[in-house]
Amino acid sequence: MMLLVYIPPQELRYSKLARLTLFLCVMLPSAVVIWLGNDHNLWACAIGFLWPLALPLSFVNFPVAGALCCSALIQAAVFFLMVRSRKLTSRGKATFAITWGMLFAFLLRLAIAYQAWLAALHA
């Protein structure tokens, strides 16, 4: 007995990506990095994607809360522009969001490693 399965074309597979899906593509890689770094605080995991932009601001004596707010504003503006872009296809938006999320997770991992290296130097 032959089973026929419908596989939609590529345009249909990416046609209706929800904004929540795109946001999770940005947010979840950093949350996983924080979680695996043994910080099982849900709030820390939720705002983990804000740190790669906030850390350079906090290094130049900017208040941490202000740096996190600036990072949130910048990323919200970029996210809004990405979602509303007519030049990007749905697949392009997904690729951009995944690349953005993975880049920020990598930068966060570098920041965690740098902090551990500094702690080992002062120990």
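In what follows, the structure referred to is the one given above.
Throughout what follows, the structure given in this document is the object of discussion. This one's a predicted model, so the numbers in the text were calculated from it and none came from an experiment.

Turning to its location among the elements, S71 is positioned in helix 5 (residues 64–84). The residues contacting S71, other than those within four sequence positions of it, are L50, L53 and A54.

On the surface, F59, V60, F62, Y114, W117 and L121 cluster together into a nonpolar patch covering about 690 Å² of accessible area. Per element, the largest residue contribution to the nonpolar patch is three residues, and it comes from helix 6 (residues 90–122). Note on placement: V60 falls in the loop between helix 4 (51–59) and helix 5. For V60, a relative accessible area of 57% corresponds to the exposed category.

The next subject is the environment of F59. Take F59: it is sitting in helix 4. F59 sits 30 residues away from P29 along the chain, and the two C-alpha atoms are 24 Å apart.

Throughout the structure, instances matching the rule amount to five aromatic pairs. Aromatic rings pair up to connect F23, F49 and F79 into one cluster.

This paragraph deals with unusual backbone geometry. Within the chain, N61 stands out as a residue other than glycine whose phi angle is a positive 60 degrees. Looking at where N61 falls in the secondary structure, it is placed in the loop between helix 4 and helix 5. N61 sits in the exposed class, given a relative accessible area of 75%.

Moving on to the layout of surface pockets. Here the largest pocket is characterised by a volume of approximately 370 Å³. What lines the largest pocket is a set of 14 residues, and nearest its centre among them are L55, L108, A111, I112 and Q115. Looking at the lining of the largest pocket, the elements that each hand over two or more residues are helix 4 and helix 6. Here the lining of the largest pocket takes eight residues from helix 6, the largest share from any one element. For the lining of the largest pocket, a count of residues per class yields 13 nonpolar, one polar and no charged.

The next point concerns the environment of F49. Looking at where F49 falls in the secondary structure, it is placed in the loop between helix 3 (42–46) and helix 4. Between the C-alpha atom of F49 and that of T89, which follows or precedes it by 40 residues, the distance is 24 Å. The residues touching F49, leaving out its near neighbours within four places in the chain, are F23, V26, M27, S30, Q75 and F104.

It is worth spelling out the nonpolar core at this point. In summary, soluble globular proteins display a tendency toward joint burial of nonpolar side chains. If you look at the biggest cluster of nonpolar residues, it comprises 16 residues, and the most contacted ones within it are L22, F79 and M82. Among the elements of the structure, helix 2 (19–36), helix 5 and helix 6 are those that each provide at least two residues to this core. If you tally residues by element for this core, the top one is helix 5, at five residues. Residues in contact with M82, not counting those within four places in the same chain, are L22, L88, K93, F96 and A97.

So, how was this worked out
Residue numbers run consecutively from 1 along every chain, following the written order of its sequence. The predicted nature of this model means local features are confined to residues of pLDDT at least 70 and side-chain atom pairs, given and counted, to a pLDDT of 80 or more, with totals for whole chains, interfaces and linings taken over all residues. Processing note: side-chain calculations cover all non-hydrogen atoms of the structure and skip hydrogens and water entirely. Strands are runs of DSSP state E lasting at least two residues, helices are runs of H or I lasting at least four, and both sets are numbered from the N terminus onward. In what follows, a contact means two residues having at least one pair of non-hydrogen atoms within 4.5 Å. Excluding any residue in a salt bridge, patches collect residues exceeding 30% relative accessible area, merging like charges within 9 Å and nonpolar Val, Leu, Ile, Met, Phe, Trp and Tyr side chains within 5 Å. All accessible areas in this document rest on Shrake-Rupley with a 1.4 Å probe, and a residue is counted as covered only by the protein chains that are shown. Put simply, a salt bridge is a Lys or Arg side-chain nitrogen that is within 4 Å of an Asp or Glu carboxyl oxygen. A 1.4 Å probe rolled over the protein chains alone gives each residue an accessible area, and that area as a share of the maximum for its type sets the label: buried under 20%, exposed over 50%, partly exposed in between. Whether two aromatic rings pair depends on their centres lying within 6.5 Å, for rings of Phe, Tyr and Trp, where Trp uses its six-membered ring; planes under 30 degrees apart make the pair stacked, over 60 edge-to-face, and the rest tilted. Put plainly, a pocket is an open set of points on a 1 Å grid over the protein atoms alone with protein on both sides within 12 Å along at least five of seven lines, a cavity is a set where a 1.4 Å probe fits but cannot get out, and a lining residue has an atom within 4 Å of a point. Grid points are joined across faces, edges and corners, and a volume is the space filled by probe spheres set on the points. When residues are grouped by polarity, Ala, Val, Leu, Ile, Met, Phe, Trp, Tyr, Cys and Pro land in nonpolar, Asp, Glu, Lys and Arg in charged, and all others, Gly among them, in polar. Think of a nonpolar core as a cluster: buried Ala, Val, Leu, Ile, Met, Phe, Trp, Tyr and Cys residues, connected wherever their side-chain atoms sit within 4.5 Å.

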